[in-house]
Amino acid sequence: MGYMIGIFRTTLIASCFCIPVVIHAQDSEPSKLKLSGFVSLVDGKILNSNFDPASNTIPNPLNGIACPCFIADWGNAGVYGSGYSFAPESRGGIQANYTINDRASLVGQLVVRGTDGTPDLTWAYGSYKIDRNWEVQVGRKRIPLYYYSDFQDIGISYPWISPPPELYGWEVTNYSGGSLRFRTDLGDTSIAASAFAGRESLNTSKYNSLVYSGTTSVAWNNMGGADLEINNGPATVRVVYVTANTSASNPSAGLDQTAGLKAYGIAANFDFDSWFVLSEITRTQRSYTTGPYANSVETSPAVTIGAGVHLGKWTPFINYAEFMDQTDNLAIYQPQSYKRTSLTLRYDLDSSSAMKTQLDRNTDITNNNGGDATVFRVSYDRIF
Amino acid sequence: MKKLHSIASVIFLLGISHVAQAQIAIVASQKSTANAITAEQASALFLGKSDQLPGGGSALLLDLPESSPARDTFYSKVTGKSQSQVKASWARLVFSGKGTPPKELPNSAEVKRLVAANPNLIGYVEKGAVDGSVKVLLSVE
């Protein structure tokens, strides 16, 4: 992990070198502030479910929602129950981008959610373009674990109501640290590679409120990783590797746990003139060192694949996703596996706003995830 | 019969003027190191997949207003995308610190004025608006 800290220090030192350049440049370059934002209003409920409270081992009620229940957003504990609710997934954000000069800028993004009324500083970073290929960013950013992680809040940027929770669901989504990005073109092929290092800690983990009662604090230390994205014409392929030392503590539940995390992923997207295919497969592995699962290894492959077609303002999209949890010690850890098929219909109201409606059929394979459920959702997404 | 003929002529002329409007030129400064650009390269630039000018240097992009027919023609012919798809692509980049969308200018005259002065700028205008102040990198018929 020493090299991670090394990278982080190097980026910090690099950013310090930028500051005199920035201040010097302020005199000659016009400064400007640009505000932009996004909003997604999502309403939904479970239409029917075979949930059996006697056999299903999910904590019930789940974070205040009586099961049958469907976890749409693990990271923010967004759970749908039998009644319509805007709370699980609705969100809005505002971003301020201050351009210092051609090379340097400062960006801050505040997000407020239906699951948490307090605005959260999701992004806050300084960015510096070293040259035409290299860019360094220091501050608070999103962990680039999945293809859609960086823009999972921006409903208008994807065809589903939300990215598949089978993949996009972690106890932490952001980090504080630094990243370095490289971009180049080889003929008609565009290449972007980045590396990052940092840490994250949460006093109250919403994710863990779906697992334990009481308040769980979590920390991901020595976090680091790299990704490579290659685009040629209709094809985009991205590979990623992320590693971290994780810990979770919940005194009231008697939890004091540490684990080493490794995550690998590959995403392949094909965007033809009207047809498009989105696919992503990941494998995460937690090696528990202390706590209730000490000395066991949890391996969780997950996959999503979907296809859609642009028909003027309409975009129908079909998707299949599965999360397959495994352990090498069933005596101490109960895996949680589920799969889901969804149908989404998107309608573009104008170039900056869209409405979507989605029907999900979720299968609770291990009978500890709230039951098989059919979920109905409708959303309004807008950027400004 | 005469009436029908004149209606046909009007339709034909409208057709012609429509075709004339639909011609777009991708332009850069006369001082730009780029001399030509392929439709694929232009598409990658205006969808934010690349930020590199073919001749070297970082590209800074200029757009016409959404209400402009030239903008519609440019994106549908060069990128094959609707305005919604283009906005969705840029939204991903803007809200994750990976790119800055093209700067929107009121008309072709403004695009030409800025492009002429800065070799890193690249824009598109109606073909009829092209003059000696700018270099045509690609004609889109």
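Residues numbered from 1 in each chain as written. Chains lettered and ligands numbered in written order. Predicted model: local features only at pLDDT ≥ 70, side-chain atom pairs only at ≥ 80, totals over all residues.

Along chain A, the regular secondary structure elements total 2 helices and 19 strands. Projected onto its principal axes, the C-alpha positions of chain A cover 70 × 55 × 40 Å. Buried positions account for 43% of the 384 residues belonging to chain A. Across chain A, every contact between residues at least 6 apart in sequence was considered, and the portion connecting residues at least 24 apart equals 59%. (Helix = DSSP H or I, 4+ residues; strand = E, 2+ residues; numbered from the N terminus. Buried ≥ 20, exposed ≤ 12 C-beta atoms within 10 Å, placed from the backbone. Contact = placed C-beta atoms within 7 Å.)

On to the interface of chain A and chain B. Interfaces are frequently sized by the accessible area removed from exposure as the parts join. Taken together, the contacts link 30 residues of chain A with 23 residues of chain B. Elements with a minimum of two residues in the side of chain A that touches chain B: strand S1 (32–49), strand S5 (104–113), strand S6 (116–129), strand S7 (134–142) and strand S8 (174–186) of chain A. Taken together, the residues of the side of chain A that touches chain B sort by class into 9 nonpolar, 13 polar and 8 charged. (Nonpolar A, V, L, I, M, F, W, Y, C, P; charged D, E, K, R; others polar.)

On average, residues of chain A carry a pLDDT of 91, and 92% of them reach 70 or more. Confidence drops under a pLDDT of 50 for residues 1–30 of chain A, and excluding neighbours within four residues, the segment shows 31 contacts in the predicted structure. (pLDDT = per-residue confidence, 0-100.)

The next thing to look at is helix H3 (residues 69–79) of chain B. Residues and elements named next belong to chain B. Of the residues making up H3, those classed as buried are Ala-70, Phe-74, Tyr-75, Val-78 and Thr-79. On an axial view of H3, the arc spanned by its buried residues comes to 125°, and they lie on one face. Of the surrounding elements, those touching the buried residues of H3 are strand S1 (24–29), helix H2 (39–46), helix H4 (83–94), strand S4 (121–126) and strand S5 (134–140). Phi for Gly-80, located one or two positions after H3, is positive at around 70°. (Arc of directions from axis to C-beta.)

A separate point is the sheet that holds strand S3 (residues 103–104) of chain B. Residues and elements named next belong to chain B. A sheet is described by the order of its strands in space; here 5 strands give the open sequence S3-S2-S4-S1-S5, paired in mixed fashion. Strands with a single pairing partner mark the edges of an open sheet, and in this sheet they are S3 and S5. Judged from the 6 bridges that link them, S1 and S5 form a sheet pairing that is antiparallel. Bridged to Ile-24 within S5 is Val-140. In the packing of helix H5 (residues 108–117) onto the sheet, contacts are made with S1, strand S2 (60–63), S4 and S5, and the angle to S4 comes to roughly 150°. (Pairing = 2+ DSSP bridges. Axes fitted to C-alpha atoms, helices over the stretch in contact; angles between N-to-C directions.)

What follows covers the environment of Gly-233 of chain A. Assignment of secondary structure puts Gly-233 of chain A in the loop between strand S10 (217–232) and strand S11 (235–250). Look at Gly-233 of chain A and you get partly exposed, because 14 C-beta atoms sit within 10 Å. Spatially, the C-alpha atoms of Gly-233 of chain A and Phe-270 of chain A are 8.8 Å apart, while their sequence positions differ by 37 residues. For Gly-233 of chain A, the contacting residues outside a window of four places in its chain are Asp-188 of chain A together with Glu-40 of chain B.

With that out of the way, let us pick up the pairing of strand S13 (residues 275–290) of chain A. Residue and element names in this part refer to chain A. Pairing of strand S12 (residues 255–271) with S13, which is carried by 14 bridges, proceeds in the antiparallel orientation. Its bridge partner lying in S13, Tyr-264 is registered against Arg-283. The antiparallel pairing of S12 with S13 creates a hairpin that spans 3 residues between the two strands. Bridge count for S13 against strand S14 (residues 297–309) is 13 bridges, and the pairing is antiparallel. Its bridge partner lying in S14, Thr-282 is registered against Ala-302. Connecting the antiparallel pair S13 and S14 is a turn made up of 6 residues, with Gly-291 showing a positive phi of about 100°.

A few words now on the environment of Ser-108 of chain B. Residues and elements named next belong to chain B. Within the fold, Ser-108 resides in helix H5. Under the C-beta neighbour-count criterion, Ser-108 is labelled buried, with 23 such atoms within 10 Å. Dropping the residues within four chain positions of it, Ser-108 is found in contact with Leu-64, Val-125, Glu-126 and Ala-129.

Attention now goes to unusual backbone geometry. All names here are of chain A. Put simply, Asn-60 and Pro-61 share a cis peptide bond, and its omega is 5°. Position of Pro-61 relative to the elements: it lies in the loop between S1 and strand S2 (70–73). In this model, Cys-67 is joined to Pro-68 through a cis peptide bond whose omega is 20°. By the element assignment, Pro-68 lies in the loop between S1 and S2. Positive phi values are uncommon outside glycine, yet Asn-295 reaches one of about 70°. If you trace the backbone, Asn-295 turns up in the loop between S13 and S14. Here Asn-295 falls in the exposed class, since 11 other C-beta atoms lie within 10 Å of it. The phi angle at Asn-367 is positive, at roughly 50°, despite the residue not being glycine. With respect to the secondary-structure elements, Asn-367 resides in the loop between strand S18 (353–364) and strand S19 (373–383).

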